[in-house]
Amino acid sequence: MYTQLEQRGMPEPPVNVSTLQKMKLQGVPIACLTAYDASYAVLVDAAGTDLVLVGDSLGMVIQGHDTTVPVTVNDIIYHCRTVARGLRRAFLVADMPFMSYTKPGMALENAVRLMQEGGAMMVKLESGDDQVGIVEHLAKHDIPVCAHLGLKPQSVHKIGGFKVQGRDVDKAAEMLNSAKRLQDAGADIVLLECVPNEVGKSITSALQVPVIGIGAGPDVDGQILVLYDILDITQGRTPKFVKNFQAGCDSPLNAISSYVREVKARDYPAPEHCFS
Ligand code: KIV
């Protein structure tokens, strides 16, 4: 009766929250990427990516905006639905866009839409102490949640740019406390963006749930990057943590496979991709 999630004619069952938890416990690095359409979703899944995020980065890499702020719930649903069609094994997470989770009821309504209409298995929200009640409300309704800390791109206009977070000792301690509170509120995963290696390491060792990093150093449970950044599609200045995996590869599938291999071998990130 409960076999539909495991019977897709695959050698390995699809990834779920328990798989990710087990990977943390066993020290197996979790390879994650963003995707925005079915064709790339097929490649990302075939390369062995464990978790795929339909990120609001789509506002920048797909829609051509300067920030993620203009992205709507309907935009994420549209892209999530297309990605869901391309995945077989990877776990699918959808971003909750700017201002779509300011109240518990509103957050629940939008999270339900991302799951029912978009096919997401988890929602991600940019979080801090102010979002503890929201995460609790979602978790109480069995919505799997990823809490995003560190650099929160939806706050770019408030913080004055895309900057490394947690360099200050007090700010790092504050982030660690928020991460613990969000975990206690029911977050199943924590994502850390653009923080010094030490902050990535201390939060990862303090939490029971998996910690996925983007520019958070090598000592986290998994890595995520924006697909268009690793395929060298993004033009202009890219963040320090980005590595071009397309260089020297003859196809996008080979480039994505090389990223997954390097994450699994802990070869990525190298010191030049990290913050101190
Ligand atoms: O929107 C996004 O793609 C993200 C990643 C940068 C983690 O949140």
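Below you will find a few notes about this structure. (Residues numbered from 1 in each chain as written. Predicted model: local features only at pLDDT ≥ 70, side-chain atom pairs only at ≥ 80, totals over all residues. Heavy atoms only, no water.)

### A word on the environment of Asn244
- Turning to its location among the elements, Asn244 is positioned in the loop between α10 (227-230) and α11 (252-264).
- Taking C-alpha positions, Asn244 is 34 Å from Asn110, a pair spaced 134 residues apart along the chain.
- If we skip the residues at most four places from it in the chain, Asn244 touches Asp229, Ile230 and Asp232.
- At 3.5 Å, the side chain of Asn244 and the side chain of Asp232 are in polar contact.
- Polar side-chain contacts of Asn244 include one of 2.9 Å to the backbone nitrogen of Gln246. (Helix = DSSP H or I, 4+ residues; strand = E, 2+ residues; numbered from the N terminus. Contact = heavy atoms within 4.5 Å. Polar contact = N/O pair within 3.5 Å; in protein donor to acceptor, adjacent residues only side chain to side chain.)

### As for the site of the ligand
- Every residue close to the ligand is listed here: Thr34, Leu53, Gly55, Asp56, Ser57, Asp95, Lys124, His148, Leu191, Glu193 and Ile214.
- Here an oxygen atom of the ligand sits 3.0 Å away from a polar atom, N or O, in the side chain of Asp56.
- Within the side chain of Lys124, a nitrogen or oxygen atom sits 2.8 Å from an oxygen atom of the ligand.
- The residue inventory of the shell around the ligand, partitioned by class, reads three nonpolar, four polar and four charged. (Near = heavy atom within 4 Å. Nonpolar A, V, L, I, M, F, W, Y, C, P; charged D, E, K, R; others polar.)

### Some words on helix α5 (residues 104-116)
- Here α5 is 13 residues long and its end C-alpha atoms lie 18 Å apart, about the 18 Å a rise of 1.5 Å per residue gives.
- Those residues of α5 not exposed but buried are Ala107, Leu108, Asn110, Ala111 and Leu114.
- Where the residues of α5 are buried, they touch α4 (73-86), β3 (91-95), β4 (122-126) and α6 (132-140). (Expected span 1.5 Å × (residues − 1). Buried < 20%, exposed > 50% of the residue type's maximum accessible area, 1.4 Å probe, protein only.)

### Notes on the pairing of strand β5 (residues 145-150)
- Of all six residues making up β5, six are buried, and the element is well covered by its neighbours.
- Here four bridges tie β4 to β5, and the two strands are oriented parallel to one another. If you follow Val123 over to β5, its bridge partner there is Val145.
- For the crossover from β4 across α6 to β5, the handedness is right-handed. (Pairing = 2+ DSSP bridges. Right-handed = clockwise from strand over helix to strand, strands pointing away.)

### A look at the packing of helix α2 (residues 38-46) against α4
- Their axes nearest at 7 Å, the elements α2 and α4 cross at an angle of 45°. Taken together, α2 and α4 sit at an angle that is classed as oblique. Taken as a pair, α2 and α4 cross one another with a handedness that is right-handed. For the pair formed by α2 and α4, the contact residues are Ala38, Ala41, Val42 and Asp45 on the first element and Thr82, Val83 and Gly86 on the second.
- Looking at the contact of α2 with α4 residue by residue, the classes come out as four nonpolar, two polar and one charged. (Axes fitted to C-alpha atoms, helices over the stretch in contact; angles between N-to-C directions. Parallel < 35°, antiparallel > 145°, perpendicular 65-115°, else oblique. Left-handed = near helix turned anticlockwise from the far one by under 90°.)

### Remarks on the packing of aromatic side chains
- What the rule picks out here adds up to six aromatic pairs.
- For the ring pair Tyr36 and Tyr228, a centre distance of 5.6 Å and an interplane angle of 90° mean the geometry is edge-to-face. Of this pair, Tyr36 sits in the loop between β1 (30-34) and α2 while Tyr228 sits in helix α10, and the two are 192 residues apart along the sequence. Of the two residues, Tyr36 and Tyr228, both sit in the buried class.
- Consider the rings of Phe245 and Tyr268, whose centres lie 5.9 Å apart with planes at 70°: the pair is edge-to-face. Placement of Phe245 in the loop between α10 and α11 and of Tyr268 in the segment after α11 is noted, with a sequence separation of 23 residues between them. Residue Phe245 shares its accessibility class with Tyr268, and that shared class is buried.
- Through pairs of rings, three or more aromatic residues link up here, namely Tyr36, Tyr40 and Tyr228. (Phe/Tyr/Trp six-rings, centres within 6.5 Å; stacked < 30°, edge-to-face > 60°.)

### Details of the sheet that holds strand β7 (residues 211-214)
- Spatially, the eight strands close up into a barrel ordered β1-β2-β3-β4-β5-β6-β7-β8, and their pairing is parallel. Taking the axes of each pair of neighbouring strands and ignoring which way they run, one obtains an average angle of 25° across the sheet.
- Examined bridge by bridge, β3 and β4 share three bridges and lie parallel to one another. Bridge pairing in β4 places Val93 opposite Met122.
- Helix-sheet contacts for α6 involve β4 and β5, and the interaxial angle to β4 is about 175°.

### Here we look at the pattern of salt bridges
- Counting across every chain of the model gives eight salt bridges.
- In this structure, Asp95 and Lys124 form a salt bridge, with 2.8 Å as the shortest nitrogen-oxygen distance. Of this pair, Asp95 sits in strand β3 while Lys124 sits in strand β4, and the two are 29 residues apart along the sequence. Per residue, the accessibility class of Asp95 equals that of Lys124, and both read buried.
- What you see here is one network of salt bridges that share partners, running through Glu12, Asp50, Arg89 and Lys264. (Salt bridge = Lys/Arg side-chain N within 4 Å of Asp/Glu carboxyl O.)

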